Amino acid sequence: MKVIKALSLSLLFFVASCSSVRVTTDYDTSTDFSKYKTFAFYKKGIDKVEISDLDKRRILKAIESELMAKGFTKSKNPDILVNIFTKSRQKVDVYDNSYYFGWHPWYYGPNFGMHVSKYTEGTLFIDLIDAKKKELAWQGIGSGALNTSGNVAKKEERIRNFVAEIMAKYPPK
C-alpha cells in the first residue's frame, strides 16, 4: 500500500512539474508602475524572435489580452513598449521505477528499472520598456515544458497559460 501511495505521489509531482510554469520577475524599484496606462508592441525586437509567426501571434495576442484585463489600452503613443524573447532546450529526466506493480505486454507483475523522459523546456521573456526613457522597467520570465504533440488547441492553451502566469506578477507588489 505504501508503494502505491508513493507511486501516486511521485506521478502527481511529475505531472504537476510538467504542466506548471516557473516564473521569476525583475524590475526597476524606482519605477512608478501606476503611471503606465497604454502599450504597444516593440516590432523591431519581436521581429528578431526565432519562432514561427503563428506562435508569435499567439504570444502577442495572449499578452494583449492580459494587459487589457489589467486596464491597459493599445496606443500609437504608448507609455510602455512590450518586447518578447524566447529560448528552448532539450531536457532529459531519469526516474527510478525500482519497484511497482504494473501491466506489461508479456506479464502482469512488478516492474524494475529506470524510466527516461525527454522533453523540450521553453522560456518566455516578456519585457516592458518605458517608452519615454527607453529603459527596461519590468521583466517577467516563465519556464516550463512545452507541448510538442502537434495539437494546436493544446499549444494555444499552453501559450495562454505561460503568459497568464508571467503577467500575474505584474505590477510588482
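Look up: the structure comes first, before these words.
Overview of the structure.

The rules behind each value
- Residues numbered from 1 in each chain as written.
- Predicted model: local features only at pLDDT ≥ 70, side-chain atom pairs only at ≥ 80, totals over all residues.
- Heavy atoms only, no water.
- Helix = DSSP H or I, 4+ residues; strand = E, 2+ residues; numbered from the N terminus.
- Buried < 20%, exposed > 50% of the residue type's maximum accessible area, 1.4 Å probe, protein only.
- Phe/Tyr/Trp six-rings, centres within 6.5 Å; stacked < 30°, edge-to-face > 60°.
- Polar contact = N/O pair within 3.5 Å; in protein donor to acceptor, adjacent residues only side chain to side chain.
- Contact = heavy atoms within 4.5 Å.
- Expected span 1.5 Å × (residues − 1).
- Axes fitted to C-alpha atoms, helices over the stretch in contact; angles between N-to-C directions.
- Parallel < 35°, antiparallel > 145°, perpendicular 65-115°, else oblique.
- Left-handed = near helix turned anticlockwise from the far one by under 90°.
- Nonpolar A, V, L, I, M, F, W, Y, C, P; charged D, E, K, R; others polar.
- Salt bridge = Lys/Arg side-chain N within 4 Å of Asp/Glu carboxyl O.

1. So, unusual backbone geometry
Residues Tyr 170 and Pro 171 are joined by a peptide bond in cis, for which omega reads -5°. Summarising the element assignment, Pro 171 is placed in the segment after helix H4 (152–167). The phi angle at Lys 134 is positive, at roughly 60°, despite the residue not being glycine. By the secondary structure assignment, Lys 134 is in the loop between strand E7 (114–130) and strand E8 (135–145). You can call Lys 134 exposed: its relative accessible area is 62%.

2. Describing the packing of aromatic side chains
All chains considered together, the criterion is met by eight aromatic pairs. With 6.4 Å between their ring centres and 75° between their planes, Phe 39 and Phe 72 make a pair best called edge-to-face. Linking Phe 39 in strand E2 (residues 38–41) with Phe 72 in the loop between helix H3 (53–69) and strand E3 (73–74), this pair joins segments that are 33 residues apart in sequence. Residues Phe 39 and Phe 72 agree in their burial class; the two are buried. Ring geometry for Trp 138 versus Tyr 170: centroids 5.3 Å apart, planes at 75°, classification edge-to-face. One end of the pair, Trp 138, is in strand E8; the other, Tyr 170, is in the segment after H4, and 32 residues separate them in sequence. Across the pair, exposure class does not vary: Trp 138 and Tyr 170 are buried alike. One aromatic cluster in this structure is built from Tyr 27, Phe 33, Tyr 36, Phe 39, Phe 41, Phe 72, Trp 138 and Tyr 170.

3. Things to note about the side chain of Thr 38
With respect to the helices, strands and loops of the structure, Thr 38 is situated in strand E2. Within the local environment of Thr 38, its side chain forms a polar contact with the backbone nitrogen of Asp 79, the two atoms lying 2.8 Å apart. Residue contacts for Thr 38: discarding those within four places in its chain leaves Phe 72, Thr 73, Ser 75, Asn 77, Pro 78, Asp 79 and Ile 80.

4. Section: H3
Compared with the 24 Å implied by 1.5 Å per residue over 17 residues, the 24 Å span of H3 between its first and last C-alpha is a close match. Listed as buried for H3 are Asp 55, Lys 56, Arg 58, Ile 59, Leu 60, Ala 62, Ile 63 and Leu 67. Downstream of H3 by one or two residues, Gly 71 has phi in the positive range, about 95°.

5. Remarks on the packing of H3 against H4
For the pair H3 and H4, the least separation of the axes is 9 Å and the interaxial angle reads 45°. Overall, the two elements H3 and H4 adopt an arrangement that is oblique. Here H3 and H4 pass one another in a crossing that is right-handed. Contacts from Asp 55, Arg 58, Ile 59, Ala 62, Ile 63, Glu 66 and Leu 67 of H3 reach H4 at Val 152, Lys 155, Glu 156, Ile 159, Arg 160, Val 163, Ala 164 and Met 167. Tallied by class, the residues present in the contact of H3 with H4 amount to nine nonpolar, no polar and six charged.

6. Considering the pattern of salt bridges
Scanning the entire structure with this criterion turns up seven salt bridges. For Lys 43, the salt bridge identified is with Asp 47, shortest N-O distance 3.0 Å. Linking Lys 43 with Asp 47, this pair stays in helix H2 (residues 43–47), spanning four residues, or about one helical turn. On the basis of relative accessible area, Lys 43 is assigned to the exposed category, the value being 57%. For Asp 55, the salt bridge identified is with Lys 155, shortest N-O distance 3.5 Å. Of the two residues, Asp 55 sits in helix H3 while Lys 155 sits in helix H4, which places them 100 residues apart along the sequence. It is possible to trace a salt-bridge network through shared partners that takes in Asp 55, Arg 58, Lys 155 and Glu 156.

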